[in-house]
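These are the residues of each chain, in order.
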Amino acid sequence: MVQLDNIDIIVRDVPAAAEFFRDAVGLELRICEERFAELGAGEVTIMLSPDAMVPTKPASGTILHFRVEDVRQALERARGRGAEVLLEPTRTDWGWESAMVAGPEDVIVD
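Everything in this summary refers to the structure shown in the same document.

The rules behind each value
- Residues numbered from 1 in each chain as written.
- Predicted model: local features only at pLDDT ≥ 70, side-chain atom pairs only at ≥ 80, totals over all residues.
- Heavy atoms only, no water.
- Phe/Tyr/Trp six-rings, centres within 6.5 Å; stacked < 30°, edge-to-face > 60°.
- Buried < 20%, exposed > 50% of the residue type's maximum accessible area, 1.4 Å probe, protein only.
- Helix = DSSP H or I, 4+ residues; strand = E, 2+ residues; numbered from the N terminus.
- Arc of directions from axis to C-beta.
- Contact = heavy atoms within 4.5 Å.
- Polar contact = N/O pair within 3.5 Å; in protein donor to acceptor, adjacent residues only side chain to side chain.
- Salt bridge = Lys/Arg side-chain N within 4 Å of Asp/Glu carboxyl O.
- Pairing = 2+ DSSP bridges.

1. Description of the packing of aromatic side chains
Taken as a whole and judged by the stated rule, the model has two aromatic pairs. Where F20 meets F21, the ring centres are 5.2 Å apart and the plane angle is 85°; that geometry is what we call edge-to-face. One exposure class covers both F20 and F21, and it is buried. Where W94 meets W96, the ring centres are 6.3 Å apart and the plane angle is 80°; that geometry is what we call edge-to-face. The two residues W94 and W96 agree in class, both being exposed.

Here it is as structure tokens:
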């Protein structure tokens, strides 16, 4: 069995990105330093850093999908903390309700 363990997102401003995921999304901020942050997202750990051990280009366009109990409540939390709403709550073709906000460093948060 394969399980997602963690996600490493390359960002220019680690503290600002960590603050966004803590305040707008509601993740647990475990570590926040100038060049590294770690946040808890259930069973998955999200790591933020300004560089990687391998080249990161030409890949781009990251979307993080979080499961929440109440999409509208989660969206209002993000909106109330200044997140730019990209998609109001919408029922998808596959039956989920989805809303999206702009995250730091061109990351989209669903």
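2. What about helix 2 (residues 71-80)?
Those residues of helix 2 lying buried are V71, L75 and A78. The buried residues of helix 2 occupy an angular sector of 60° when the element is viewed end-on, so they sit on one face. Structural note: helix 2 exposes R72, Q73 and G80 on the side pointing more than 90 degrees away from its buried face. On its buried face, helix 2 sits against helix 1 (14-25), strand 6 (84-91) and strand 7 (97-102). You can read the cap of helix 2 off the contacts: a side-chain oxygen lies 3.1 Å from the backbone nitrogen of R72, and it is on D70. Immediately downstream of helix 2, the backbone of G82 shows phi near 90°, a positive value.

3. What to know about the pattern of salt bridges
One pass over the structure, following the stated rule, counts eight salt bridges. Residue D23 pairs with R22 through a salt bridge whose shortest N-O separation is 2.6 Å. You can call D23 partly exposed: its relative accessible area is 25%. For E28, the salt bridge is made with R30, and the minimal N-O distance between the two is 3.6 Å. For R30, a relative accessible area of 37% gives the class partly exposed. Residues participating in the shared-partner salt-bridge network are E28, R30 and E38.

4. Notes on the pairing of strand 4 (residues 44-49)
With six of its six residues buried, strand 4 lies for the most part within the structure. The pairing of strand 1 (residues 6-10) with strand 4 spans five bridges and is parallel. From the neighbouring strand, I9 faces strand 4, where its bridge partner is L48. The pairing of strand 3 (residues 37-41) with strand 4 spans five bridges and is classified as antiparallel. The partner of G40 across the bridge, within strand 4, is T45. Joining the antiparallel neighbours strand 3 and strand 4 is a turn of two residues, in which G42 adopts a positive phi near 70°.

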